[in-house]
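Geometric and topological summary
Residue strings, one per chain:
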Amino acid sequence: MFDVAVIEDPATAEVSLDPTRARLLAELAEPGSATTLAARVGLPRQKVNYHLRALEKHGLVELVEERRKGNVTERVLRATASSYVISPTALSAVAPDPERAPDRLSARWLLALASRLVRDVGTLLTGAAKAQKKVATFALDGEIRFASAADRAAFAEELAATVTTLIGRYHDEKAEGGRAHRLIVAIHPKVRSE
């Protein structure tokens, strides 16, 4: 089971967004059968089976084992991931494009960049899984508390200058066998957890 899986297919995204199926996916962090799930979620076993077949058809759950119980074979399933992210690829016709209106200070542009990040990393993960390889990535997450808006603006300018200098030092357009990487640096107000 993956910690996070990316959903790129529109039909799979639709299946995962159904509230009953999303609840079943959450319940299937631990393997279960239609019978055990029906008791936990308060639905008839037949209805749970219907939803499980849809989830399995789209690769969101997988068969763990089959058990014989009298004349019946009980199928035990589990989610293929602990959590899922829907890639903008699933909505390709209306996916945000950061190239349309680049604006370093726009929250909507930051959202478009984040969407591209989800799309690109999702594509890389899918390809790496097929090739049975890892993706070379690096992420940095931190928190900073500014005393004033002026300090935040000064920090952003210094950060931009520092990162631009660093890029200039390592970027080699003519490197034979080199591989281009995308760098995103973002800063936004912290959202308080409820």
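Please refer to the structure placed before this passage.
The structure contained in this document is the topic of the report that follows. Quick caveat, the model's predicted, so the values are computed rather than measured.

The subject of this paragraph is the packing of helix α3 (residues 34-41) against helix α4 (residues 45-57). Where α3 contacts α4, the two axes come as close as 8 Å, and the packing angle between them is 110°. Relative to α4, the element α3 is oriented roughly perpendicular. α4 is crossed by α3, and the crossing has right-handed handedness. On α4, the residues touching Ala 34, Thr 35, Leu 37, Ala 38 and Val 41 of α3 are Arg 45, Val 48, Asn 49 and Leu 52. Looking at the contact of α3 with α4 residue by residue, the classes come out as six nonpolar, two polar and one charged.

With that settled, the discussion passes to the nonpolar core. Membership of the largest hydrophobic core comes to 19 residues, with the highest contact counts inside it found for Leu 24, Val 48, Leu 52 and Leu 55. Elements represented by at least two residues in this core include exactly α1 (10-17), α2 (19-27), α3, α4 and β4 (72-79).

Take the pattern of salt bridges next. The full count for this structure, using the stated rule, is 13 salt bridges. For Glu 27, the salt bridge is made with Arg 40, and the minimal N-O distance between the two is 3.1 Å. In this pair, Glu 27 is assigned in helix α2 and Arg 40 in helix α3, connecting sequence segments 13 residues apart. Here Arg 40 falls in the partly exposed class, since its relative accessible area comes to 37%. The residue Arg 67 makes a salt bridge to Glu 65 at a minimum N-O spacing of 3.4 Å. Residue classification places Arg 67 among the partly exposed positions, given a relative accessible area of 36%. Overall, the relative accessible area of 34% leaves Glu 65 in the partly exposed class. When salt bridges that share partners are traced, they join Glu 65, Arg 67, Lys 69 and Glu 74 into one network.

Pairing is antiparallel across the open sheet formed by three strands, whose spatial order is β2-β4-β3. Each edge of the sheet is formed by a strand with only one pairing partner; in this case those strands are β2 (32-33) and β3 (61-69). In the sheet, β3 pairs with β4 via eight bridges, with the strands oriented antiparallel. When the sheet's bridge partners are listed, Lys 69 is paired in β4 with Val 72. The strands touched by α4 are β3 and β4; relative to β3, the strand with the most contacts, the crossing angle is about 135°.

What counts as what
Residues numbered from 1 in each chain as written. Predicted model: local features only at pLDDT ≥ 70, side-chain atom pairs only at ≥ 80, totals over all residues. Heavy atoms only, no water. Axes fitted to C-alpha atoms, helices over the stretch in contact; angles between N-to-C directions. Helix = DSSP H or I, 4+ residues; strand = E, 2+ residues; numbered from the N terminus. Parallel < 35°, antiparallel > 145°, perpendicular 65-115°, else oblique. Left-handed = near helix turned anticlockwise from the far one by under 90°. Contact = heavy atoms within 4.5 Å. Nonpolar A, V, L, I, M, F, W, Y, C, P; charged D, E, K, R; others polar. Core = buried A, V, L, I, M, F, W, Y, C linked by side-chain atoms within 4.5 Å. Buried < 20%, exposed > 50% of the residue type's maximum accessible area, 1.4 Å probe, protein only. Salt bridge = Lys/Arg side-chain N within 4 Å of Asp/Glu carboxyl O. Pairing = 2+ DSSP bridges.

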